[in-house]
Amino acid sequence: MREKAIYFMGTLGVLILMRNLYVILLQLGDEMQQGAIYRIFFFHLPAATTACIMFAIALVASAGFLITRKFAFDTAAAAATEVGFVFATMNMVTGSIWARNIWGIWWTWDARLTSMFILWLLYLGYLIMRPAIEEPTQRATLSAVLSIFAFCDVPIVYYSIQWWRTQHPAPVLTTPGAMDPALWPPLLLNMLAMLLIGLTLMMVRLRQERVLREIDSLRRYAHAI
Amino acid sequence: MQTLRSVFTVAHKDLRSELRSKEAINASFSFALVILLIFSFAFDPTAEDTRRIAGGLLWVVFAFAGALILNRSFAREVPNDCLDALIATPIPAYALFLGKAIASFLLLLAVELVCLPIFGIFYNVRWAVQFLPLLLTLALGTWAMTMIGTAFSALTVNIRLRELMLPVLLYPVLMPALIGAIELTTNLLNGEMLSGNNITFLKLLIGFDIIYTALSVALIETVLVG
């Protein structure tokens, strides 16, 4: 059942993405000011939303572990963080390419870019710390605490700097009329596609972790005999 | 009241053992001096440059010096299983945490207050113009660093590569407080009053301190006891 769900979600995500690629690359025209490069937006923003959703899942799962002490939550938190990290990287790389084209620079210490980079570093720390702890219960507990610490930082960084001007454009999604209506469907569908692919990857990771734990317990059992 | 006394006892114990051995404070202070020396060659700053980057320089020095002190905070309890004994004492985990945090706070603030005039001499910066607001900034920034740093010191005390993990985890989480402290320090060293934009930075620092003090106190029992 679970296997089928993984295959289904993955296939659905890829199909939507392919259909979107056709629309984005062949049907939509170039943008007036930016030319062809604006199409990277359809990957830049969905990567960011997927990453944020994954980190939120990791936060909930971490809190879940601390409350229930069930290892399934720890596994979910780790898997979500890993996948979220990949999407956050994708967001920064596409953003950097876009910036090079439009602003002429790869990177600037603008509020939005800085806060994203800090977010990325926080979860990098999480991923580095996990394998450094041998004992499973301790690893799960400390990772969960760190995940909560990390997530609390994000809104602070984000809001603390909204009072200053940024080079990164203002949010286009929440401002009415900021975006051509024709761009909405492919954007939303791309968000869905990326989220589906992210969830698929996360479930694959979950299965790996479960198998790993099973092997571990079998090995211990064999040693015991 | 009882809790306050426990906090005071733990802080007192930490400070006394530190003042007898002086290992963390000596290492931290000499490390700060070395970094100040390296910076003077890295930038070869003119008076104008120095004024612009003064806050950044100072807080990089403080952050490095702080990591050394904070690393010791829980690591010093590892030999002879002192940490287990401390956890077994009949005081709440947050009292233990606050005691240790306050001890580190005082030590780090002392290092900073010695570094400040030395920085003034080396880089020809007049640091006493807005001394009281500057002191407030140092205290708030250092409080942020010691709160998170002590919590992470407890978090990393039993894992491999402890000395490396602490800064890797600490600095990104600390970033908002560091940004506020750096901007505020630079402006105050340039003789600006505590108003306008500076109030915003001050609010950022205070908000950060409140959030992370609450979070650390709430989670420390989980970290120490499991």
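That block above? That's the structure.
So, how was this worked out
- Residues numbered from 1 in each chain as written.
- Chains lettered and ligands numbered in written order.
- Predicted model: local features only at pLDDT ≥ 70, side-chain atom pairs only at ≥ 80, totals over all residues.
- Heavy atoms only, no water.
- Helix = DSSP H or I, 4+ residues; strand = E, 2+ residues; numbered from the N terminus.
- Buried < 20%, exposed > 50% of the residue type's maximum accessible area, 1.4 Å probe, protein only.
- Contact = heavy atoms within 4.5 Å.
- Areas by Shrake-Rupley, 256 points an atom, 1.4 Å probe, with all protein chains shown as cover.
- Lys, Arg positive; Asp, Glu negative; His and termini not counted.
- Charge placed at Lys NZ, Arg CZ, Asp CG, Glu CD.
- Phe/Tyr/Trp six-rings, centres within 6.5 Å; stacked < 30°, edge-to-face > 60°.
- Buried area = accessible area lost by both parts, 1.4 Å probe.
- Salt bridge = Lys/Arg side-chain N within 4 Å of Asp/Glu carboxyl O.
- Polar contact = N/O pair within 3.5 Å; in protein donor to acceptor, adjacent residues only side chain to side chain.
- 1 Å grid on protein atoms, 1.4 Å probe; cavity = no way out; pocket = protein on both sides within 12 Å on 5 of 7 lines; lining within 4 Å.
- Points joined across faces, edges and corners; volume = space filled by probe spheres on them.
- Nonpolar A, V, L, I, M, F, W, Y, C, P; charged D, E, K, R; others polar.

A. Just the overall build of chain A, in detail. From N to C terminus, chain A includes six helices and zero strands. Along chain A, helices (α) and strands (β) appear in the sequence α-α-α-α-α-α when read from the amino end. Projected onto the principal axes, the alpha-carbon positions of chain A cover approximately 70 × 40 × 25 Å. Across the 225 residues that make up chain A, the buried fraction comes to 45%. Taking the contacts inside chain A whose residues are at least 6 apart along the sequence as the reference set, 76% of them involve residues at least 24 apart. Summed over its atoms, the accessible surface of chain A is roughly 12100 Å², and 69% of this surface lies on carbon and sulfur atoms. Across chain A, the mean location of the 17 positive side-chain charges is 4 Å away from that of the 13 negative side-chain charges.

B. Structural detail: the packing of aromatic side chains. Residues and elements named next belong to chain A. This structure, assessed with the given rule, holds 19 aromatic pairs over all chains. Aromatic side chains Y38 and F42 sit 6.2 Å apart centroid to centroid with 65 degrees between the ring planes, which places their arrangement in the edge-to-face category. Each member of the pair Y38 and F42 is classed as buried. Note on F117 and W120: the rings are 6.1 Å apart at their centroids and 15 degrees apart in plane angle, and the pair reads as stacked. Here W120 and F117 lie together in helix α4 (residues 111–129), a separation of three residues that amounts to about one turn. Looking at F117, the relative accessible area reads 27%, which means it is partly exposed. The exposure class of W120 is buried, given its relative accessible area of 19%.

C. How the structure looks around the interface of chain A and chain B. Across the boundary between the two partners, chain A contributes 28 residues, which contact 27 residues of chain B. Approximately 2400 Å² of surface area, both sides summed, lies buried where chain A meets chain B, with 81% of it carried by carbon and sulfur atoms. Where chain A meets chain B, there are one salt bridge. Ionic pairing is found between E134 of chain A and R160 of chain B, a salt bridge with its closest N-O pair at 3.3 Å. The interface formed by chain A and chain B contains four residue pairs in polar contact (both at pLDDT 80 or more). Looking at the side of chain A that touches chain B, the elements with two or more residues in it are α4 and α5 (136–160) of chain A. Ranked by residue count, the leading element in the side of chain A that touches chain B is α5 of chain A, at twelve residues.

D. The arrangement of the side chain of K100 of chain B in detail. Residues and elements named next belong to chain B. For K100, the location among the structural elements is in helix α5 (residues 93–123). Judged by its relative accessible area of 0%, K100 falls in the buried class. Within polar-contact distance, the side chain of K100 engages the backbone oxygen of S73 at 2.8 Å. Separated by 2.8 Å, the side chains of K100 and E77 make a polar contact. Setting aside its immediate chain neighbours within four residues, K100 contacts V10, K13, D14, S73, F74, E77, L86 and T150.

E. Highlighting empty space enclosed by the protein. Tallying each qualifying case throughout the model produces one cavity of 30 Å³ or more. In this structure, the largest cavity encloses a volume near 40 Å³. Along the walls of the largest cavity sit L121, L122, G125, L146 and A150 of chain A together with F152, V168, L169, P172 and V173 of chain B, which together make up its complete lining. Broken down by secondary-structure element, the contributors of at least two residues to the lining of the largest cavity are α4 and α5 of chain A together with α7 (162–189) of chain B. Considering every element that reaches the lining of the largest cavity, the biggest residue donor is α7 of chain B, with four residues. Here the residues of the lining of the largest cavity sort into nine nonpolar, one polar and no charged.

F. Expanded view of unusual backbone geometry. Residues and elements named next belong to chain B. At N80, a position not held by glycine, the phi torsion is positive, near 60 degrees. Tracing the sequence through the fold places N80 in the loop between α3 (47–75) and α4 (82–88). The class of N80 is exposed, set by a relative accessible area of 74%. Located in the positive-phi region is L161, a residue other than glycine, with phi close to 55 degrees.

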